[in-house]
Amino acid sequence: MVLKRLTHRMLSLAAVMLLGCAFVQGNAQASISAPDELIKRISTEVLGTIQKDKTLQDGDIDKLIKLVDERVMPNVNFTRMTASAVGRGWREASVEQKNQLTQEFKLLLIRTYAGAFSQAKDVKMQFIPLRAAPDDSEVIVRTRVVPPRGEAIQLDYRLERTPQGWKIYDVNVLGVWLVENYRNSFAQEINKSGVDGLIRTLRQKNIDLAKG
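Just so you know, the residues in each chain are numbered from 1, in the order the chain's sequence is written. Local features in this predicted model are restricted to residues whose pLDDT is 70 or higher, and side-chain atom pairs enter the listing and the counts only when it is 80 or higher, whereas totals over whole chains, interfaces and linings include all residues. Heavy atoms from the whole structure form the basis of all side-chain values; hydrogens and water molecules are not counted.

## Remarks on the nonpolar core
Throughout this description, the term nonpolar core refers to a set of buried Ala, Val, Leu, Ile, Met, Phe, Trp, Tyr and Cys residues connected via side-chain atoms within 4.5 Å. Residue exposure (1.4 Å probe, protein chains only): buried if accessible area is under 20% of the type maximum, exposed if over 50%, otherwise partly exposed. Judged by nonpolar contacts, the single largest core of 39 residues is most densely connected at Leu101, Phe105, Leu159, Tyr182 and Phe186. A helix here means a DSSP run of H or I that spans at least four residues, while a strand means a run of E at least two residues long, and both kinds are numbered starting from the N terminus. Of all elements in the fold, only α2 (35-52), α5 (78-86), α7 (95-113), β2 (138-146), β3 (153-162), β4 (165-173) and α8 (178-211) reach the threshold of two or more residues within this core. Here this core gets 9 residues from one element, more than from any other, and that element is α8. Any pair of residues with heavy atoms lying within 4.5 Å of one another is described as a contacting pair. If sequence neighbours within four positions are ignored, Phe105 has contacts with Phe78, Met81, Thr82, Ala85, Tyr182, Phe186 and Leu202.

## Digging into the packing of aromatic side chains
Aromatic pairs are defined between Phe, Tyr and Trp rings, using the six-membered ring for Trp, whenever the two ring centres lie within 6.5 Å; interplanar angles under 30 degrees are classed as stacked, those over 60 as edge-to-face, and all others as tilted. The final tally for this structure, using the stated rule, is 4 aromatic pairs. Each ring, one from Phe78 and one from Phe105, has its centre 5.8 Å from the other, and the planes form 35°; the classification is tilted. Here Phe78 is found in helix α5, whereas its partner Phe105 is found in helix α7, with 27 residues between them in sequence. Taking the relative accessible area as the measure of exposure, Phe78 reaches 5% and is therefore buried. Using a relative accessible area of 1% as the deciding quantity, one classes Phe105 as buried.

Now the structure itself:
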């Protein structure tokens, strides 16, 4: 149970760093060639941003949604992230269903992990040298989150090279990839009620989180 709580807290922090990385990237120089240098710079800046913004620490939903719409979408391949989480059901979905899945999944992540912004105030980052060839189209950038007390915790990023630069499409905490954390439950819902059933489930979860 302790490990489960720890994993959830760190997955929350991973989502925070994912959202925050895109936020800082949108305000920084557009031409960054090395994915590890990208993660290093924006991770450092993200922690500074969170520490200075009390409304982000408090999980202001409206501000988070605006941040994600303006900054995350251009810098993270969220369509690929959603498709990977949905699995085979994505291939069967219509364009409209894909749009709804992406929107509801984005909102679910925002609402689920909004409170985690306060957990990033006192952590530091360690960056592990990148092992990749210059012509690799996909890489994993490995980092460690160092809390005020306790051991450093694994936090890795999957990035892909695109014509617009490197984009993040998944994060890994303690050996658990964020996308895979949702894939099994999404597959079960699709098997039971189809793609529309998953959309309804995501929408209801978002309604419940909004009330809560």
